[in-house]
Amino acid sequence: MVSAKAPEHVVVVGAGIIGLSTAWYLQERGIQVTVVDRGEVASGSSWGNAGWLTPALTLPLSEPAVLSYGLKAMIDPASPLYIPLSADPTLLKFLLGFARNCTPAKWRSAMGVFAELGRTGIDAFDEIATGNPTMTEETHVADPFLAGFASKEAREALVKEFHVIRETGGEVDFSLITGDQIRELEPTLGAGVAAGIEIRNQRFINPPAFMHSLADTVVARGATLISAFTVFDIRDTGSGVDVIGSEGRLIKADAVVLATGAWLGTLARKFGVKRVVQAGRGYSFTVVPETMPTRPIYFPAQRVACTPLGDRLRVAGMMEFRNADAPLDPRRIKAIVEAASPMFTGINWEERSEEWVGSRPCTTDGFPLVGATRSPRVHVAGGHGMWGIALGPLTGKMVAAGLTGQPMPASQRHFNPLR
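What comes next is a walk through the structure. (Residues numbered from 1 in each chain as written. Predicted model: local features only at pLDDT ≥ 70, side-chain atom pairs only at ≥ 80, totals over all residues. Heavy atoms only, no water.)

Describing the overall build of the protein
Next up, step 1: A tally of helices and strands in the protein yields twelve helices and 21 strands.
Next up, step 2: Against the 2.2 N^0.38 benchmark of 22 Å for 419 residues, the protein shows a C-alpha radius of gyration of 21 Å, consistent with a compact globule.
Next up, step 3: Each of the three principal axes of the protein carries a C-alpha extent, and together these read 65 × 50 × 45 Å.
Next up, step 4: Looking at the protein residue by residue over its 419 residues, the buried ones come to 59%.
Next up, step 5: Looking at the protein alone, contacts between residues at least 24 apart form 75% of all its contacts between residues at least 6 apart. (Helix = DSSP H or I, 4+ residues; strand = E, 2+ residues; numbered from the N terminus. Rg over C-alpha atoms; globule rule 2.2 N^0.38 Å. Buried < 20%, exposed > 50% of the residue type's maximum accessible area, 1.4 Å probe, protein only. Contact = heavy atoms within 4.5 Å.)

Here is the structure:
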């Protein structure tokens, strides 16, 4: 039953994991949905990411260690965190705000917020998958999820983070293993891996396959999906919204949800959303190992994430604060190869395919922007940094609840777009 406060027709701008999940949860409440995107389904960050659904690793980006890189490292294209020298005032504003949040006290407080989310992100994935025959792509259990290290000393940083998760109310089930033990689990790992961690109760998806399956489900349930629709403006008419697109196209609706990733601020700013949303660009490519891993593998020191996608292995990494529309920088792909190659055996790194760059939307405090703007007819959903996939369905659930006058999950209080 649709609430009396609920809109009848909502336009969702963005056909990534967050936009499509929002559409699915709105449909659960009997609402007509139109999804528009300037590209195709999952043409942004939802396509080329690692696809991890990992509560144990869904941690705030603004960790104090980020500041220890130093300026020299940050302007090096081989660094895991790369910030090209720029006079862009928006980027400088973001970096100053980000640095203010990289203190131990603020990081620990943020850890408590993510611990509060717990496994609710995975629960939302299960809700979407239950009883939907068109959802042909499932989540996969990582049994166990693995983290690899060049030494026991390097492993201690992640172990300390896991202890902080427990201290701040979260749960993480992990065991320490040797290099020989981790290679027994995944023979494709090489001699460069001297120590490991087994992490249980984590999952992963094949992002391209899952996204297209979710899009098919939303359309099968009655949604209209329009690609190549660039939204130039949103107008609150007082009784509804006008969504104004390219070539003079216009869609009238009762409400709109902006799920446009790194471009969120462009449309949301006039509705009171002042937080800077900066593109934190990540890179990935795929290779075909002689022995295909059966689960995700993470190399925290190198900031490299590897995920099996059936017949190929996706290798992803890097954080690059740069213009969202800048072209792919081949130096960043090379940096991932140089970081990952000592950790594997049986991979021809020259035979890469699907080289990709995508813009993860980052906020200065590391928390997403979810909920109503100054206009009750304009809601936003974005700013998740590296965790848009893991928190996408949960975000859609929050937004749908807010639009229909239903109680919001308690954790949403941290994500107020007007903060």
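So that's the structure; there's more coming.
Topic: the nonpolar core
General note: in soluble globular proteins, nonpolar side chains tend to be found buried as a group.
Next up, step 1: Formed by 72 residues in total, the largest nonpolar core has its most connected members in Val10, Leu26, Trp52, Leu57, Phe162, Ile197 and Leu214.
Next up, step 2: When sequence neighbours within four positions are dropped, the list of residues in contact with Val10 reads Leu26, Ile31, Gln32, Val33, Thr34, Ala255, Val256, Val257 and Leu403.
Next up, step 3: Core analysis: the second largest hydrophobic core is formed by 25 residues, Ile177, Tyr283, Val337 and Ile347 among them. (Core = buried A, V, L, I, M, F, W, Y, C linked by side-chain atoms within 4.5 Å.)

Some details on the sheet that holds strand E11 (residues 231-236)
Next up, step 1: Reading across the sheet, the three strands line up as E11-E12-E13 and stay open at both edges, with antiparallel pairing between neighbours. Unpaired on one side and paired on the other, E11 and strand E13 (250-253) mark the two borders of the sheet. Adjacent strand axes in the sheet meet at a mean angle of 15°, parallel and antiparallel pairs treated alike.
Next up, step 2: By the bridge criterion, four bridges tie strand E12 (residues 241-245) to E13 in an arrangement that is antiparallel. Across the sheet, the residue bridging to Val243 is Ile251, located in E13. (Pairing = 2+ DSSP bridges. Axes fitted to C-alpha atoms, helices over the stretch in contact; angles between N-to-C directions.)

A short note on the side chain of Asn49
Next up, step 1: Looking at where Asn49 falls in the secondary structure, it is placed in the loop between helix H2 (45-48) and strand E3 (52-53).
Next up, step 2: By relative accessible area, which is 17% here, Asn49 ends up buried.
Next up, step 3: Within the structure, the side chain of Asn49 is placed 2.7 Å from the backbone nitrogen of Gly51, a separation counted as a polar contact.
Next up, step 4: Setting aside chain neighbours within four positions, we find Asn49 in contact with Pro207, Arg314, Trp356 and Ile389. (Polar contact = N/O pair within 3.5 Å; in protein donor to acceptor, adjacent residues only side chain to side chain.)

Here we look at the packing of aromatic side chains
Next up, step 1: Using the criterion set out here, one finds 14 aromatic pairs in the structure.
Next up, step 2: A centroid spacing of 5.0 Å and a plane angle of 70° characterise the contact between Phe94 and Phe321, whose relative ring orientation is edge-to-face. With Phe94 in helix H4 (residues 89-100) and Phe321 in strand E18 (residues 313-321), the pair connects residues that are 227 residues apart, well separated along the chain.
Next up, step 3: Overall, the relative accessible area of 1% leaves Phe321 in the buried class. (Phe/Tyr/Trp six-rings, centres within 6.5 Å; stacked < 30°, edge-to-face > 60°.)

Side note on the packing of helix H6 (residues 120-129) against helix H12 (residues 388-403)
Next up, step 1: Viewed as axis vectors pointing N to C, H6 and H12 meet at an angle of 70°, and their least axial separation amounts to 8 Å. As far as their axial angle goes, H12 and H6 are roughly perpendicular. Residues Thr120, Gly121, Ala124, Phe125, Glu127 and Ile128 of H6 lie in contact with H12, whose contacting residues are Ile389, Ala390, Pro393, Leu394 and Lys397.
Next up, step 2: Class assignment of the residues belonging to the contact of H6 with H12 gives a composition of seven nonpolar, two polar and two charged. (Parallel < 35°, antiparallel > 145°, perpendicular 65-115°, else oblique. Nonpolar A, V, L, I, M, F, W, Y, C, P; charged D, E, K, R; others polar.)

Quick word on the environment of Val36
Next up, step 1: Note that Val36 resides in strand E2 (residues 32-36).
Next up, step 2: Placed 31 residues apart in sequence, Val36 and Lys5 show a C-alpha to C-alpha distance of 24 Å.
Next up, step 3: Setting aside residues up to four positions removed in sequence, Val36 forms contacts with Val11, Val12, Val13, Gly14, Ala15, Ile226, Phe229, Val231 and Ile251.

Observations concerning the packing of helix H1 (residues 17-28) against helix H9 (residues 207-220)
Next up, step 1: Two numbers describe how H1 lies on H9: the axes approach to 10 Å, and their chain directions differ by 30°. As judged from the angle between their axes, H1 and H9 are roughly parallel. Classified by chirality, the crossing of H9 by H1 is left-handed. Packed against H1, whose contacting residues are Ile17, Leu20, Ser21, Ala23, Trp24 and Gln27, the element H9 presents Phe210, Met211, Leu214, Ala215, Thr217 and Val218 at the interface. (Left-handed = near helix turned anticlockwise from the far one by under 90°.)

Brief notes about the sheet that holds strand E5 (residues 140-142)
Next up, step 1: Taken in spatial order, the three strands line up as E3-E9-E5 in an open sheet, and their pairing is antiparallel. The outermost strands of the open sheet, each flanked by one partner alone, are E3 and E5.
Next up, step 2: Strand direction decides the pairing type here: E3 and strand E9 (residues 202-204), joined by two bridges, are antiparallel. Bridge pairing links Trp52 to Phe204 in E9.

With respect to the side chain of Thr395
Next up, step 1: Counting through the fold element by element, Thr395 comes out in helix H12.
Next up, step 2: For Thr395, a relative accessible area of 3% puts it in the buried group.
Next up, step 3: In contact with Thr395, other than residues within four places in its own chain, are Ile18, Val370, Ala381 and His384.

Section: the state of the cysteines
Next up, step 1: Using the criterion set out here, one finds zero disulfides in the structure.
Next up, step 2: Left without a disulfide partner, Cys362 is nearest to the cysteine sulfur of Cys102, which lies 11 Å away. (Disulfide = S-S within 2.5 Å.)

Overview of the pattern of salt bridges
Next up, step 1: If you walk through the whole model with that rule in mind, you get 26 salt bridges.
Next up, step 2: Among the salt bridges present, the one from Glu116 reaches Arg413, with a minimum N-O distance of 2.8 Å. Here Glu116 is found in helix H5 (residues 104-117), whereas its partner Arg413 is found in the segment after H12, with 297 residues between them in sequence.
Next up, step 3: With relative accessibility at 34%, the residue Glu116 sits in the partly exposed group.
Next up, step 4: In this structure, Glu127 engages Lys397 in a salt bridge whose closest nitrogen and oxygen atoms are separated by 2.9 Å. With Glu127 in helix H6 and Lys397 in helix H12, this pair connects stretches of sequence that are 270 residues apart.
Next up, step 5: Bridged by salt links that share partners, the residues Arg281, Glu320, Arg322, Asp329, Arg331 and Arg332 form one connected network. (Salt bridge = Lys/Arg side-chain N within 4 Å of Asp/Glu carboxyl O.)

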